[in-house]
Amino acid sequence: MRSRNPGSQRRALLQGVFEDNQKLVGPPVSKQRKTTVWWSMGISLLVIVIGLMVVGVEEDGTAEPVNSVEILTSPDQRILASQDELVASESTTDVPLSRVYGLGVNTIVLDPGHGGHDPGALGPVGLSEKTVTLDVALRLARRLKSRGYNVVLTRRQDVSVSLQQRVLDARDHEADLFVSIHVNSVPVDTLAFIETYYYSPRGDARAEALALRENSNSGYSVAQWRNSLESLGRTVRDEDSRRLATHIQNAMVSTMRKINPRIRDWGTRSGPFMVLVYTKVPAVLAEITAISMPEEEQNLLEDDYREQLAIGLESGIISYLSAEDSPVITAD
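Here's what I pulled together on the structure shown here. Keep in mind the model is a prediction, meaning the values are calculated, not measured.

### Quick notes on unusual backbone geometry
- One non-glycine residue with positive phi stands out, namely His114, at about 65°.
- Mapped onto the elements, His114 comes out in the loop between strand E1 (107-112) and helix H7 (129-146).
- You can call His114 buried: its relative accessible area is 7%.

### As for the pattern of salt bridges
- Under the defined criterion, the tally for this structure stands at 14 salt bridges.
- Of the charged contacts in the structure, one is a salt bridge between Arg143 and Glu314, with a shortest N-O distance of 2.7 Å. Here Arg143, found in helix H7, pairs with Glu314, found in helix H14 (residues 303-324); they are 171 residues apart in sequence, far enough to count as distant.
- Residue Glu314 is classed as buried on the basis of its relative accessible area, which comes to 6%.
- Note that Arg306 is salt-bridged to Asp303, the shortest N-O span being 2.5 Å. In this pair, Arg306 and Asp303 both sit in helix H14, 3 residues apart, roughly one turn of the helix.
- Connected through shared salt-bridge partners, Asp135, Arg139, Arg142, Arg143, Arg147, Asp303, Arg306, Glu307 and Glu314 make up one network.

Rules used in this analysis
Residues numbered from 1 in each chain as written. Predicted model: local features only at pLDDT ≥ 70, side-chain atom pairs only at ≥ 80, totals over all residues. Heavy atoms only, no water. Helix = DSSP H or I, 4+ residues; strand = E, 2+ residues; numbered from the N terminus. Buried < 20%, exposed > 50% of the residue type's maximum accessible area, 1.4 Å probe, protein only. Salt bridge = Lys/Arg side-chain N within 4 Å of Asp/Glu carboxyl O.

Here it is, written out as structure tokens:
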């Protein structure tokens, strides 16, 4: 039979629930303790609201991104781990990206500049760049092979090879590094210097003038060049090319100054060299000296001097690879 006073029935039910809960919680708390409990609950609620706000910002695609580190760490650590700090630390790290990805080096392609009907630069008594670069490349190949590397040369004889074919050879042999060897020539015949280039779309006036000479008869069309420019965002290749250039430059200068104190260090530079833009691996163009200086041309006629140039290049390559901790993989 239904009760005539449902209100009193509900009150009795709620009173029963309250009494059961009190037995579980314990005796009633004092007014002061109630205040403390309410403050605690209020603070907890505030923390929850702030947390929801932070998560909301992170999930909002239009808001500023929030690094997950910021949510998980203490306020002091959060400041230290801000995105600006992380970006700055990443941009100044000296760890090559190829090492970050655990990439090893097996095949090194050496590219002796010029050849055949293209002699390259000529010395005062007629020594040609194409002869010097091939000789040094062969010496360098021998030294690198003795270390267990697979070495490929884009030419082994006095033959003409287009820049396009040189790059295709590197791709066909799955090159891990590409080193193009050249000898410079400048109007001032009292200068002998070393400089090493890595790729950039533009360079200073002298770099572009040199590139104009080195890029002649490249074998590429404008359309091919434009298509290649669309894929120039290869960060690993670009960063490691700059590192490789730095290691080679430093080693070359250190090696050659021991036997020729007059040789100058013209540093690493960037320039628009076609043989570098199409190479998908770390690639440099090394100008190992200047043949236009009469004394240097005489030096280049000596076997021991050319051997030292090869040793300098070898030291730079090995220094770069050692910095990467790249394993030496013995060729089959």
